[in-house]
Amino acid sequence: MTQSVVVQVGQCGNQVGCRFWDLALREHAHVNKRGLYDEALSSFFRNVDPRKSDGGACCVGGRIQHLKARAVLIDMEEGVVHGILQGPLREVFDSTQLLTDVSGSGNNWAVGNLMYGSAYRDSIVNKLRKAAEHCDCLQCFFLIHSMGGGTGSGLGTRVLSLLEEEFPDVCRIVTAMYPSAEDDVITSPYNSVLAMRELTEHADCVLPVENQSLVDIVNKISLMSHDAKPGCVLKKESTVTSGQGGVSPTERPFDAMNNIVANLLLNITSSSRFDGSLNMDLNEIANNLVPFPRLHYLVPSLTPLYTLADVNIPTRRLDQMFSDAFSKEHQLIRADPKHSLYLACALMVRGNVQVSDLRRNIERLRPSLPFVSWNQEGWKTGLCSVPPVGHAHSLLALANNTCVKPTFMELRDRFTKLYKKKAHLHHYLHVDGMEQSAFSEALSSLSALIEEYHHLDATKARLIPDAPRLSIAR
Amino acid sequence: MSVVTVQLGQCGNQVGQELFDVMCSDARDVHRKTYSAVSCERFFRQTTQGALEARAVLIDMEPKVINHSMSKAAKSGRWRYGETSHFSQKQGSGNNWANGYCVLGPRHRDAVEELVRREVEHCDMLAGFIPIMSVAGGTGSGVGTFITQCLRDVYPSSFVLNHLTWPYGTGEVIVQNYNSVLTLAHLYQLSDAILVHENDIVHKICSQLLKIKQISFSDINRVIAHQLGGVLQPTLTPASCGAYSRHPIGELMSALACHPEYKLLSVCTIPQMASSSIAFSTFSWPALLKHLRQMLISNSKMEGGIDWQVCPPPASAGRSRSLSAGSFNTSLANLLILRGKDVYSAETGGFEDPAIYTSWLPPDEALSLWKSPVPFNKYEKSATLVSNSQALLRPLDDMVRKAWNMFASRAYIHQYVKFGISEEDFLDSFTSLEQVISSYSELQ
C-alpha cells in the first residue's frame, strides 16, 4: 500500500486540511473496529509509540498507539496553525511538521513565492524530506491552498515547484480554491493568474474548487434540511453535511464548505486505501485523465450531498446519484460540463454498487454528454466497497472538460482590468526578484491554455471522421 | 502432466481464483477416480498434509487483490494457494502498459522467474503455461506481456496459452485501447495461442441467460471460469488412446493454432442457465449441438437471440468477404468438447460441414473432437466450442479503430513516452494488428 503526504499552505489550505484530518480520523474509526494500525490507516497516518527512544515508529499490524498525520503545515502567520495546535487535533501533528512566520504575505503572491520562498526554501525541503522518509512507498503529494491570497497562492506554488525538483517521480495533485467574482481581496486576480502559471507547469493534476459553488451547495443542503417534505428526514451523521461525531465539537462558518473539499480528498484516495472489485489507484488518475500535459484541470463533483432517510427504491436513488454527478449544481466550480466538451471522465464509486449498476448508468447518461471525437467511450471507473460514513454509496466524478474555459476567461478578464491600469503593481515589483515580465508571462500562459481548450471546443459540433487506417500490402 | 498458471494483475488474480475454485469442485465432487486424479494432478499439487495447493504464481504490482484472492481460496477449505507463490509490490502500474512492460517487468524479472521456476520444479511433467490477464490495465497487460516473453526465453520448448479478458467497449479505463493494442501486437509474436473472453459478452450471458439482477465482477469471473474449466478439465482425445489426455495444451495447439497468423481463439459454452433452472431442464445432444453450430456460424456467443437466418453461402457463389457484408462467421479450425451422459452417441456431423470452414483445410482436419463421460459443473450434458474463426474480428477492429483515432490526435502519448516506448513502437503495433485483421477478414 502506498502513502500520501498532505501539504497545506496558507489560511485556506490549513483550514481545509484541518477538516480533512478530522474526517479522515472519523472515517477510519468507523471502518477500523479493532484498533489495529492497518495498511489503510498507514496511507495517511504514522503510528508512533512515544515511549520508544528511537522516534518510535511502529509498523503495520500492531495496535494503534499514537497516530500522527503525514502532513506538512505551512503558514506565514501564526493564527490558524496555532489554532489547530490548541484544538482537539493537536495530538495528530508534531512541531517538526510545521512552518510558520509572523507577519503573513499581505495578499501578495510575490511575497509568498519569492521572499518567503527563498527564505524558507531549505527549511521547507527538509520538512518535506522528513515526511517522505517516514513513508515506505510514497505515491502522491496532495497540496491544498487558495489561489487568491498571498501565502497559499505564492508560497504554495513555490512548494509545488520544490516538490517537482526534489521528488520528480511522486505524483502532485493540487486542490486549488479559486476566488469568486465578489472576492474581498482586491489583488486576488493577480495572485490567481500568477499561481495558475505555476500550476500549469508543475502540477500533475489540479482540482479547481470555487468558493461560490461551495456556498451554493451548502445553502442547498440547509434548504433541504429546513424545507424537508413530511416523511423525509435528513440523516445528520453523514460526513458531507456535518463534522459532528468528529473531533472538533463546534462548527465554524467556513466549516461546512471546507467539509465538502475534505470529502473530495477522502473519496479520491478511497480506492487506494480500501478493497474493491475494480481498484483505482492515484497514479491511474493522471494517466487516464490527462491526455495532454497542460490540460490537467479536473472538475470534481460529489454526490450525494445529503442522505434522505426515507423509503425510496434503492435503485432509483442510485441512478439519481449518477445523474446528479453531471448536473451543474453538483460541480465544485461554476460550470456546466454537460454543455461543454468532455475530454475524459472518471467515476469513483464507493459502497455497495456493482458493475452492472455502473454500466447501466453510463449507457443511460452517455448520449447526453458530448465527448471529444477521439475519446468517445472515454470512461475510467473505480469500485470501492467501503462507503463513506453515513452513506450507503457515493460517487465522485472527475471531469477533464472544457467547461473550465469560461472560469479561466473570467479570471483573465479580472486580471486584465487591474493590469491595464497598473493598479497595485508596485506592491509586487517592490519584492526582490519580481519583474513585470512575470505578469506578462503568466498572462500569456493563461491565454495559451484557454486557446488549447478553445481548439478542442471548436471540434465539438463538427462531425470528425475516423482517421484513415494503415493499409497493409497483401 | 501439469499446467502452471500465472495470474497477472487484478483481473488475472480474480479470474484465476474462480477458475481454480471451479476445477477443484469439479474434481472433488465427481465420483470418477481417474478423472479426479488427472484433474488434481494437472492443476494442483498435494502437500504433505494432503491439502490441495494450486499450481499457480500470483503477480500484481499492489497487494490488495492478491491478499483477497488468497484468503478467499483458503476460506473455501478445499484448496489454497501456496504460501510463498505470490509476488506483489506496493504501488500499481497506473494503467500504463509502458510502465508495466518497460519498467516494472524488467525490475522484478528475477523474483518472478524464481517463483515460476519453483512451481515448475514441483511438476513431474510440464504441459505448458497459462498466463491469465486483462488487456485494459497496466499490470496484466504490460507486466503480463513482459512475463510471457520471459517464459518464452526460459522455457523455449513449453507451450504458452495466454488467456485474455477484453474490457467493456464503453470503457473501464480510458487508455484501454492503447494498452490492448500494445499487448496483442506483442503477444502475437510470443504466444502459441490467445484465448479471449470479452466482458460485454459475458455480461450479457449473466443478465440474459443466468438472469442475475445485479451483476458483479464475481459473477462475470465465475462464468469465465466455468467456460475455461470446460476447456481445460480432462478429456479423452483421439490421440490419447482411451485414457485421459496428458497433453491438453499441446493438443489444443495442434487442433487450433495451425498457422502463425491466426492465433485468436474464442470460447462458447452450451447450456448456460441459472443454477436453479438446471434441475428442471432436459438436454439432448441433437438440440445442444444444433444450437451450438448456429451460434458458431452466426457469431453469437450465447444461446439467446441466435440469428437463425445466417447460413453458409452456397459453395458455387464467389465468396468475397468484407467486414461489413454478411454476418457469416468462417472458421479456420474448431475444437468441440463434449462432457456428460451419452457423449459417445452424440452426432457431430454438423460441425464437419465444409461450408463453415475456410477452403484450405479439409473439414476432418479442421474439426477436433474431445469427449469426457463425466458431467461438468452440475450440467448433465454440456458442450464447449473453442474456435479459431472470425468471431473476434469485429471487436478487434473496433479496438484498433478507437486506438488509432486517439493516436491520430496524440492524446495520452506523453504518458507512455515517459516510460520508454516511442511513437514508432505504437506504429509497429498498429501495423501488426492491421495485418491480423486483414488475414482474418480474408478467410474464405
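Parameters at a glance
- Residues numbered from 1 in each chain as written.
- Chains lettered and ligands numbered in written order.
- Predicted model: local features only at pLDDT ≥ 70, side-chain atom pairs only at ≥ 80, totals over all residues.
- Heavy atoms only, no water.
- Contact = heavy atoms within 4.5 Å.
- Buried area = accessible area lost by both parts, 1.4 Å probe.
- Salt bridge = Lys/Arg side-chain N within 4 Å of Asp/Glu carboxyl O.
- Polar contact = N/O pair within 3.5 Å; in protein donor to acceptor, adjacent residues only side chain to side chain.
- Helix = DSSP H or I, 4+ residues; strand = E, 2+ residues; numbered from the N terminus.
- Nonpolar A, V, L, I, M, F, W, Y, C, P; charged D, E, K, R; others polar.
- pLDDT = per-residue confidence, 0-100.
- Phe/Tyr/Trp six-rings, centres within 6.5 Å; stacked < 30°, edge-to-face > 60°.
- Buried < 20%, exposed > 50% of the residue type's maximum accessible area, 1.4 Å probe, protein only.
- 1 Å grid on protein atoms, 1.4 Å probe; cavity = no way out; pocket = protein on both sides within 12 Å on 5 of 7 lines; lining within 4 Å.
- Points joined across faces, edges and corners; volume = space filled by probe spheres on them.
- Patch = residues over 30% accessible without salt bridge, like charges linked within 9 Å, V, L, I, M, F, W, Y side chains within 5 Å.
- Areas by Shrake-Rupley, 256 points an atom, 1.4 Å probe, with all protein chains shown as cover.
- Lys, Arg positive; Asp, Glu negative; His and termini not counted.
- Charge placed at Lys NZ, Arg CZ, Asp CG, Glu CD.
- Pairing = 2+ DSSP bridges.
- Domains from an automatic or database assignment.
- Axes fitted to C-alpha atoms, helices over the stretch in contact; angles between N-to-C directions.
- Parallel < 35°, antiparallel > 145°, perpendicular 65-115°, else oblique.

> Give me the interface of chain B and chain A: which residues, what numbers.
Across the boundary between the two partners, chain B contributes 52 residues, which contact 50 residues of chain A. Here chain B and chain A share an interface that buries about 4,300 Å² over both sides, 49% of which is from carbon and sulfur atoms. In this structure, the connection of chain B to chain A is made through 5 salt bridges. Its salt-bridge partner being Asp466(A), residue Arg401(B) comes within 3.8 Å of it at the nearest N-O pair. Summed over the shared surface of chain B and chain A, the number is 34 residue pairs in polar contact (both at pLDDT 80 or more). For the side of chain B that touches chain A, the secondary-structure elements that each account for two or more residues are helix H1 (9-29), helix H3 (64-76), helix H14 (393-408), helix H15 (413-417) and helix H16 (423-441) of chain B. Of the residues in the side of chain B that touches chain A, the class split is 17 nonpolar, 23 polar and 12 charged.

> If you had to explain the confidence of the model for chain B to someone new, which residues and values would you point to?
Residue and element names in this part refer to chain B. Averaged over all residues, the pLDDT of chain B is 89; the fraction at 70 or higher stands at 97%. Residue range residues 316-325 is modelled with pLDDT below 50. Its contacts to residues more than four positions away, or to other chains, number 14 contacts. The ipTM value of the predicted complex is 0.84, and its pTM value is 0.89.

> Go over the packing of aromatic side chains with me, naming the residues and quoting the values.
Counting across every chain of the model gives 41 aromatic pairs over all chains. The interplanar angle of 10° and the centroid separation of 5.7 Å between the aromatic rings of Tyr419(A) and Phe439(A) together place this pair among those described as stacked. Placement of the pair is Tyr419(A) in helix H13 (residues 404-420) and Phe439(A) in helix H15 (residues 436-458), with a sequence separation of 20 residues. When its relative accessible area of 14% is taken as the criterion, Tyr419(A) is described as buried. Consider the rings of Trp404(B) and Phe430(B), whose centres lie 4.9 Å apart with planes at 75°: the pair is edge-to-face. Of the two residues, Trp404(B) is situated in helix H14 and Phe430(B) in helix H16; the sequence distance between them amounts to 26 residues. Both residues of the pair, Trp404(B) and Phe430(B), belong to the buried class.

> Report on the layout of surface pockets, specifying residues and quantitative values.
For the largest pocket, the calculated volume is near 980 Å³. Forming the walls of the largest pocket are 36 residues, and the residues nearest its centre are Pro168(A), Asp169(A), Val170(A), Lys418(B) and Phe419(B). Of all the secondary structure elements, the ones that give two or more residues to the lining of the largest pocket are strand S7 (138-146), strand S8 (171-178), helix H7 (188-202) and helix H10 (282-289) of chain A together with helix H4 (97-107) and H15 of chain B. The element that contributes the greatest number of residues to the lining of the largest pocket is H4(B), accounting for 4 residues. Along the lines of polarity and charge, the residues of the lining of the largest pocket split into 12 nonpolar, 16 polar and 8 charged. A volume near 780 Å³ is recorded for the second largest pocket. What lines the second largest pocket is a set of 33 residues, among which Gln11(A), Cys12(A), Ser146(A), Val185(A) and Asn211(A) lie closest to the centre. Contributions of two or more residues to the lining of the second largest pocket are made by helix H1 (10-31), helix H6 (151-166), S8, helix H8 (211-226) and helix H9 (255-273) of chain A. Residue contributions to the lining of the second largest pocket peak at 5 residues, all from H1(A). Its residues assigned to classes, the lining of the second largest pocket shows 11 nonpolar, 17 polar and 5 charged.

> Requested: an account of unusual backbone geometry, with residues and values cited.
Residue Pro304(A) follows Thr303(A) across a cis peptide bond; omega there is -15°. Its place among the elements puts Pro304(A) in the loop between strand S10 (299-303) and helix H11 (314-325). Within the chain, Asn299(B) stands out as a residue other than glycine whose phi angle is a positive 55°. Judged by relative accessible area, Asn299(B) falls into the partly exposed class, the value being 31%. Positive phi outside glycine occurs at Asp342(B), with the angle close to 60°. Looking at where Asp342(B) falls in the secondary structure, it is placed in the loop between strand S11 (331-340) and helix H13 (363-366). Residue classification places Asp342(B) among the partly exposed positions, given a relative accessible area of 45%.

> Residue-level account of a negative patch on the surface, with values.
All names here are of chain B. A cluster of like negative charges, contributed by Glu347, Glu352, Asp364 and Glu365, occupies part of the molecular surface. Turning to its location among the elements, Glu365 is positioned in helix H13. Residue class for Glu365 comes out exposed when judged on its relative accessible area of 55%.

> So what's going on with the side chain of Gln97(A)? Residues and values would help.
Residue and element names in this part refer to chain A. You can see Gln97 is positioned in the loop between helix H3 (79-86) and strand S6 (98-100). Its relative accessible area of 7% is what places Gln97 among the buried residues. A polar contact is formed between the side chain of Gln97 and the backbone nitrogen of Asp94, at a distance of 2.8 Å.

> Explain empty space enclosed by the protein to me, and be specific about the residues and the numbers.
Considering all chains together, one arrives at 8 cavities of 30 Å³ or more under this definition. In this model, the largest cavity occupies a volume close to 500 Å³. Taken together, 36 residues form the lining of the largest cavity, with Leu278(A), Gln10(B), Cys11(B), Ser134(B) and Gly137(B) sitting closest to its centre. When residues of the lining of the largest cavity are traced back to their parent elements, those giving at least two are H9 and strand S12 (379-384) of chain A together with H1, H3, helix H6 (139-154), strand S8 (161-166) and helix H9 (217-232) of chain B. Sort the elements by how many residues they give to the lining of the largest cavity and H1(B) lands first, with 4 residues. Considered class by class, the residues forming the lining of the largest cavity number 9 nonpolar, 20 polar and 7 charged. Space inside the second largest cavity adds up to approximately 80 Å³. Lining the second largest cavity, in full, are Val196(B), His197(B), Glu198(B), Ile201(B), Val202(B), Ile205(B), Gln227(B), Ser266(B), Val267(B), Lys301(B) and Leu392(B). Of all the secondary structure elements, the ones that give two or more residues to the lining of the second largest cavity are strand S9 (193-198), helix H8 (199-209) and strand S10 (264-270) of chain B.

> Before we move on, could you go through the pairing of strand S2 (residues 45-48) of chain A and cite the residues and values that matter?
All names here are of chain A. Burial along S2 is two-sided: Phe45 and Asn47 facing one way and Arg46 and Val48 facing the other are all buried. In this structure, S2 lies alongside strand S3 (residues 57-58), joined through 2 bridges in antiparallel fashion. What sits directly across from Asn47, in S3, is Cys58.

> Any details on the domain arrangement of chain A? Residues and values, ideally.
Residue and element names in this part refer to chain A. The domain architecture assigned to chain A consists of domain 1 (3-290) and domain 2 (406-462). For domain 1 versus domain 2, the distance between C-alpha centres works out to 27 Å. Taken together, the contact pairs 23 residues of domain 1 with 26 residues of domain 2. Carbon and sulfur atoms supply 74% of the area that domain 1 and domain 2 bury against each other, a total of about 2,100 Å² over both sides. Applying the counting criterion to the domain 1 and domain 2 interface returns 1 salt bridge. Note that Glu441 and Arg197 form a salt bridge whose closest N and O atoms lie 3.1 Å from each other. For the pair domain 1 and domain 2, the interface holds 7 residue pairs in polar contact (both at pLDDT 80 or more). Of all the elements in the fold, those that place two or more residues in the side of domain 1 that touches domain 2 are helix H4 (109-119) and H7. Sort the elements by how many residues they give to the side of domain 1 that touches domain 2 and H7 lands first, with 9 residues.

> Give me the lowdown on the pattern of salt bridges, citing residues and values where you can.
Summed over all chains, the structure comprises 44 salt bridges over all chains. Glu452(A) serves as the salt-bridge partner of Arg294(A), at 3.0 Å between the closest nitrogen and oxygen. Here Glu452(A) lies in helix H15 and Arg294(A) lies in the loop between H10 and S10, a separation of 158 residues in the sequence. Look at Arg294(A) and you get partly exposed, because its relative accessible area is 23%. We classify Glu452(A) as partly exposed; its relative accessible area is 27%. Where Arg45(B) meets Glu53(B), a salt bridge forms, and the shortest distance between an N and an O atom there is 2.8 Å.

> Give a detailed account of the packing of H6(B) against helix H7 (residues 176-190) of chain B, specifying residues and quantitative values.
All names here are of chain B. With their axes 9 Å apart at the nearest point, H6 and H7 run at an angle of 10° to one another. By the angle between their directions, the pair H6 and H7 is classed as roughly parallel. Residues Ser141, Thr145, Thr148, Gln149 and Arg152 of H6 touch H7, and the partners they reach there are Asn179, Thr183, His186, Leu187 and Leu190. When grouped by side-chain class, the residues that make up the contact of H6 with H7 number 2 nonpolar, 7 polar and 1 charged.

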